[in-house]
Amino acid sequence: MSSPLKRIFHTGRRVAARLWLNGLHRSILQIGITGSYGKTSTSSAIGAVLEAHAPTVMTDLNLDTIYNVPITALRVRSRHRFLVLELGIDSPGEMDFHLEIARPRIGVLTGISPVHSDEKHLGSLEAIIQQKGRLIEVLGETGTAVLNRDDPHVRAMAARTRARILWYGHDPDCDYRLEGVRSTLAGTRFRLATPEGDREFETPLLGEHNAANLAAAAAVARTAGVPYGTIRRAFAGLQPLRDRLSVESGPDGLILINDALRANPASTRAGLAYLAALQAPGRKAAVLGEMGELGEHAQDEHTGIGQSAGQARPDLLITVGNLTRHTAEAAVRAGLPSTQVFAAEDVHQAAARLQEWMRPGDVVYLKGSLMRHLERIPLILEGREVGCRVVVCPFYHQCTQCEFLESGYNLQG
């Protein structure tokens, strides 16, 4: 299909989606979720809880949001009660583009960080705040804004909505407040103080940050009239998304915590906090790749992650890539012994250091942005032929599906 025909097709589909959703199916309860981190896990949890209560449609977590919103809108049928829309943005005006079709009555803001603040995307942290805040601005007085009170940017953004606000997080003033979070390799248990009393939950999801995502899901579900019993059963049935803090069996008895599909400052700190609190059968290593699309904040944010890594005190810290040298140096300054820190130039150096160090029962936490492709490290450890050494590549697909896995990708080619 030629480019002009593609434009006509996509424009026509958007028009059809807007008429279909806001004309024939205007009674469906729409929930919009945005933020710099946690939105996919939160969207997935909200979708699972609502689906356990009544027929629900939600966006495909693997599709670009620009195409995802109209495609999802056209899947709505008269039997559906809920529509869950993950509204990711990375360019100016994109949220308003989504809101031409989406008309959410519940808006969720998970948190703000400088991801996509580079010149190719939104350009600044201020622009990120402005654009993502559009979601709660359009809710109106009859809507509900579910906001992460632990995030200072989100707290400040609350003034931009006329909707009823439900706060979630750890703050004492939260409507849905987390207490007693306990996370292991098997899952997480937590207590949620709600307007209707304290409730206990457990889930196979790992980490305190996932408990926070579920607090947001509980706030949405109760707003939508879902009973707590249904919420509890749905939370217990959730499974980690691929490469998002999922536990895998590594080679030679290694326990791999794979969190390498996405990385930003907030999610990386959350992963390190989980690793620090984890009661593991063996030693613990953190392998950190670069975080992308941070613009002018890149060096400072990688330095900040080094401070967090020093506080987490893994038995071994391996960083991969030039930017993460700031991470390694900051970790040492934060008190992690230099003998426990290794700055690797690429995944091969990182894998070689791990091979020297690891023994059965050790835990390795992998974290890095998608196009840093840290999934090559387990492949190397398994003895697979991996010739690709680039720190950053242009491909979104997994390395196991890449024609350059064995030969190596030439950035100049």
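Scroll up to find the structure this text is about.
Residues numbered from 1 in each chain as written. Predicted model: local features only at pLDDT ≥ 70, side-chain atom pairs only at ≥ 80, totals over all residues. Heavy atoms only, no water.

Draft legend 1. The arrangement of the sheet that holds strand S13 (residues 316-320) in detail. Across the sheet, which stays open at both edges, the six strands sit in the order S10-S11-S15-S12-S13-S14 with mixed pairing between neighbours. Two strands close off the open sheet at either side, each with one partner strand: strand S10 (246-249) and strand S14 (341-344). When strand polarity is set aside, the average angle formed by the axes of neighbouring strands in this sheet is 20°. Running at roughly 175° to strand S15 (residues 363-367), helix H10 (residues 265-277) makes contact with strand S11 (255-259), strand S12 (284-289) and S15 of the sheet. (Pairing = 2+ DSSP bridges. Helix = DSSP H or I, 4+ residues; strand = E, 2+ residues; numbered from the N terminus. Axes fitted to C-alpha atoms, helices over the stretch in contact; angles between N-to-C directions. Contact = heavy atoms within 4.5 Å.)

Draft legend 2. Quick peek at the side chain of Asn 68. Note that Asn 68 resides in helix H3 (residues 65-73). Looking at Asn 68, its side chain comes within polar contact range of the main-chain oxygen of Asp 60, at 2.4 Å. Among all residues touching Asn 68, those that are not within four sequence positions of it are Thr 59, Asp 60 and Leu 63. (Polar contact = N/O pair within 3.5 Å; in protein donor to acceptor, adjacent residues only side chain to side chain.)

Draft legend 3. Representation of the packing of aromatic side chains in the model. Per the stated rule, a full pass over the model turns up five aromatic pairs. Site record: aromatic cluster; members linked through ring pairs are Phe 190, Phe 201 and Phe 235. The aromatic ring of Trp 167 is capped on one face by Arg 149, whose charged end is 4.8 Å from the ring centroid. Arg 283 extends its terminal NZ or CZ atom over the ring of Trp 357, reaching a point 4.1 Å from the ring centre. (Phe/Tyr/Trp six-rings, centres within 6.5 Å; stacked < 30°, edge-to-face > 60°. Lys NZ or Arg CZ within 6 Å of the ring centre and 35° of its normal.)

Draft legend 4. Representation of the packing of helix H8 (residues 208-223) against helix H9 (residues 228-237) in the model. Their axes nearest at 10 Å, the elements H8 and H9 cross at an angle of 145°. For the crossing formed where H8 meets H9, the hand is right-handed. Listed contacts from H9 to Leu 214, Ala 217, Ala 218, Ala 221 and Arg 222 of H8 are Tyr 228, Ile 231 and Phe 235. Of the residues in the contact of H8 with H9, the class split is seven nonpolar, no polar and one charged. (Left-handed = near helix turned anticlockwise from the far one by under 90°. Nonpolar A, V, L, I, M, F, W, Y, C, P; charged D, E, K, R; others polar.)

Draft legend 5. Molecular detail of the environment of Val 332. Checked against the element boundaries, Val 332 lands in helix H12 (residues 325-333). Take Val 332: its relative accessible area is 34%, and that puts it in the partly exposed class. Residues Val 332 and Gly 368, 36 residues apart in the sequence, show an inter-C-alpha distance of 20 Å. The contacts of Val 332, once residues within four sequence positions are left out, are Ser 338 and Val 341. (Buried < 20%, exposed > 50% of the residue type's maximum accessible area, 1.4 Å probe, protein only.)

Draft legend 6. Looking closely at the nonpolar core. One finds Ile 31, Val 146 and Phe 235 to be the most contacted residues of the largest nonpolar core, which totals 38 residues. For Val 146, the contacting residues outside a window of four places in its chain are Ile 106, Gly 107, Val 108, Leu 109, Leu 166, Tyr 168, Ala 216, Ala 219 and Val 220. Core analysis: the second largest hydrophobic core is formed by 32 residues, Ile 112, Ile 128, Ile 129 and Leu 139 among them. (Core = buried A, V, L, I, M, F, W, Y, C linked by side-chain atoms within 4.5 Å.)

Draft legend 7. Up close: the pairing of S13. Of all five residues making up S13, five are buried, and the element is well covered by its neighbours. Burial along S13 is two-sided: the residues Leu 316, Ile 318 and Val 320 and Leu 317 and Thr 319 are all buried. Both S12 and S13 contribute to a ladder of five bridges, which runs parallel. From the neighbouring strand, Leu 288 faces S13, where its bridge partner is Thr 319. The parallel pair S12 and S13 is bridged by helix H11 (residues 298-312), and the resulting crossover is right-handed. In this structure, S13 lies alongside S14, joined through four bridges in parallel fashion. Among the inter-strand pairings, Leu 317 is bridged to a residue of S14, identified as Val 341. Tracing the backbone out of S13, into H12 and back to the parallel element S14 gives a crossover that is right-handed. (Right-handed = clockwise from strand over helix to strand, strands pointing away.)

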